[in-house]
Amino acid sequence: MSNYGDSSLQDASDVLSRIHERAIRVAQLEAEQAADVALFAATGGSARSVAAELALELSVTERRAGADVALAQALTTRLPETFAAFRRGEIDAFKARMVFEPTIALSDEMARQVDAIVAARLAGKNPSSLRAAVNRVVQKVDAEGYERRSRARRRDRNICLVHQDETMSTLLCDLPVEQASAIYTSLDQGARRLRRGGEVRTLDQLRADVLVDRLLNRAPGDSGVKPVVYLYVDLLTLAGLNEDPAELSGCGTVPAWLARALAADSNSVWRRIITEPATGQVRSVGRTRYRPPAALADLVQVRDRVCQHPGCHRPSQYSDIDHTRDFATGGHTAEDNLGPRCRRHHRLKDEPDWSCTTAPGGEGTITTPNGRVYATKPPPLHENRAKDTTGEAGHEAAA
């Protein structure tokens, strides 16, 4: 029986709880569906036949049906821990796919290793964060295979044109991550430069227009902008003493070989980052050529790497350095009151009944209008190194 429209339901927190509980039940039903899809696929017939029949029964495309079959078969054979979480309602079908897709190329044994490691990391993550966590584990479990696949994907770089409705088209590019990041950064810097000149176009419009101007050789007057991409790479990885992945801001992990190649580029700028040995959290950024406010902004950007809002992956260098407690109401310009927030989440913080906190080290909380509290903390730059006598580990190369 539906309670929709019942005037007695005034407590928004109760409504939110019901939405959450119902999402769990929906996920459990999706898990039951996956189990039956796997059972149906096991009754015989080729993969094409199974997908075609399922597509007819459900009135979906064969591609969608084939994808559902592949997911169901993997969950019931290669990913038992993920499937168990799915059946408990801790993750839904989309999140289960975030575990499945990065493990497709792995052997059954390696897939089960990844599954066992990520089992305790599934609950509470949004799909993007979950996929990033799985990719990190895949890189460790199958380092050679990951490198081989990475090099193959880079050889397959391409660009395609997809026409949309209402006179628009989409240009899709599959590019090496450092090139795509540098291109976007360059466009963003060019757009912001034009914006400071009194432009009334939005930043999104300006980024698109700068791209068109450059590709069509229109010389928009923003030449000379040098793109900066933040790459976080451990000194031990840089020296070739381990193969731990590095992190490209806003993208996630990249293989050690790529990090070393980017750091060795003649255009790279190196910066020392001092970290806490036991936690891997940033303590200070070695830089003396800027005034203290700029150095403080630098520290906050490097410390957090992405927007401080939970689940947002916009790189900190594209975000606002925001006072958690507004300057106008007594907030200090200090590390424990500053955090990078993309423009969208900067504005959200100022909505009625939203509040934020920031603690030393970048750990923060977001409290929603209904009293839900969500914590966020910058991931460490390295594992526990309490026994390391130097206390200094992280380096950043900007290419």
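Above this note sits the structure.
Peer 1: Just to check I follow, could you spell out the nonpolar core for this structure?
Peer 2: The nonpolar side chains of a soluble globular protein tend to be buried with one another. In terms of nonpolar packing, the biggest core is built from 35 residues, with Phe86 and Val114 touching the most fellow members. If you list the elements that add at least two residues to this core, you get helix H1 (12-41), helix H2 (47-58), helix H3 (62-77), helix H4 (80-88), helix H5 (93-100), helix H6 (108-118) and helix H7 (127-141). At six residues, the largest contribution of residues to this core is made by H3. Residues in contact with Val114, not counting those within four places in the same chain, are Thr103, Leu106, Val134, Val137, Val138 and Val141. Judged by nonpolar contacts, the second largest core, of eleven residues, contains Val233, Leu238, Leu248 and Trp257.

Peer 1: Looking at this model, I keep getting lost on the packing of aromatic side chains. Mind explaining?
Peer 2: The description of two aromatic rings rests on the distance between their centres and on the angle between their planes. As enumerated under the stated definition, the model contains two aromatic pairs in all. Their ring planes at 65 degrees and their centres at 6.4 Å tell us that Phe83 and Phe86 sit as a pair that is edge-to-face. Residue Phe83 and its partner Phe86 are both found in helix H4; the two are separated by three residues, about one turn of the helix. Residue class for Phe83 comes out buried when judged on its relative accessible area of 8%. Taking the relative accessible area as the measure of exposure, Phe86 reaches 1% and is therefore buried. Positioned above the aromatic ring of Trp257, the side-chain terminus of Arg151 is 3.9 Å from the ring centre.

Peer 1: Explanation requested: the sheet that holds strand E12 (residues 373-376) in the structure shown.
Peer 2: Across the sheet, which stays open at both edges, the three strands sit in the order E10-E11-E12 with antiparallel pairing between neighbours. One side of each edge strand has no neighbouring strand; the edge strands of this open sheet are strand E10 (355-358) and E12. Averaged over all neighbouring strand pairs, the angle between strand axes comes to 15 degrees, with direction disregarded. As defined by bridge partners, strand E11 (residues 364-367) adjoins E12 across four bridges and the pair is classed as antiparallel. From the neighbouring strand, Ile366 faces E12, where its bridge partner is Tyr374.

Peer 1: Looking at this structure, I do not really get H6. What am I missing?
Peer 2: An α-helical segment advances 3.6 residues per turn. Residues three or four places apart therefore align on the same side. Residues Ala111, Val114, Asp115 and Val118 constitute the buried set of H6. Looking straight down H6, one finds its buried side chains confined to an arc of 100 degrees; they lie on one side. Opposite the packed face of H6, turned more than 90 degrees from it, sit the exposed residues Glu109 and Ala116. Looking at the buried side of H6, the elements it contacts are H4, H5 and H7.

Here is what the cut-offs are and how they apply
Residues numbered from 1 in each chain as written. Predicted model: local features only at pLDDT ≥ 70, side-chain atom pairs only at ≥ 80, totals over all residues. Heavy atoms only, no water. Core = buried A, V, L, I, M, F, W, Y, C linked by side-chain atoms within 4.5 Å. Buried < 20%, exposed > 50% of the residue type's maximum accessible area, 1.4 Å probe, protein only. Helix = DSSP H or I, 4+ residues; strand = E, 2+ residues; numbered from the N terminus. Contact = heavy atoms within 4.5 Å. Phe/Tyr/Trp six-rings, centres within 6.5 Å; stacked < 30°, edge-to-face > 60°. Lys NZ or Arg CZ within 6 Å of the ring centre and 35° of its normal. Pairing = 2+ DSSP bridges. Axes fitted to C-alpha atoms, helices over the stretch in contact; angles between N-to-C directions. Arc of directions from axis to C-beta.

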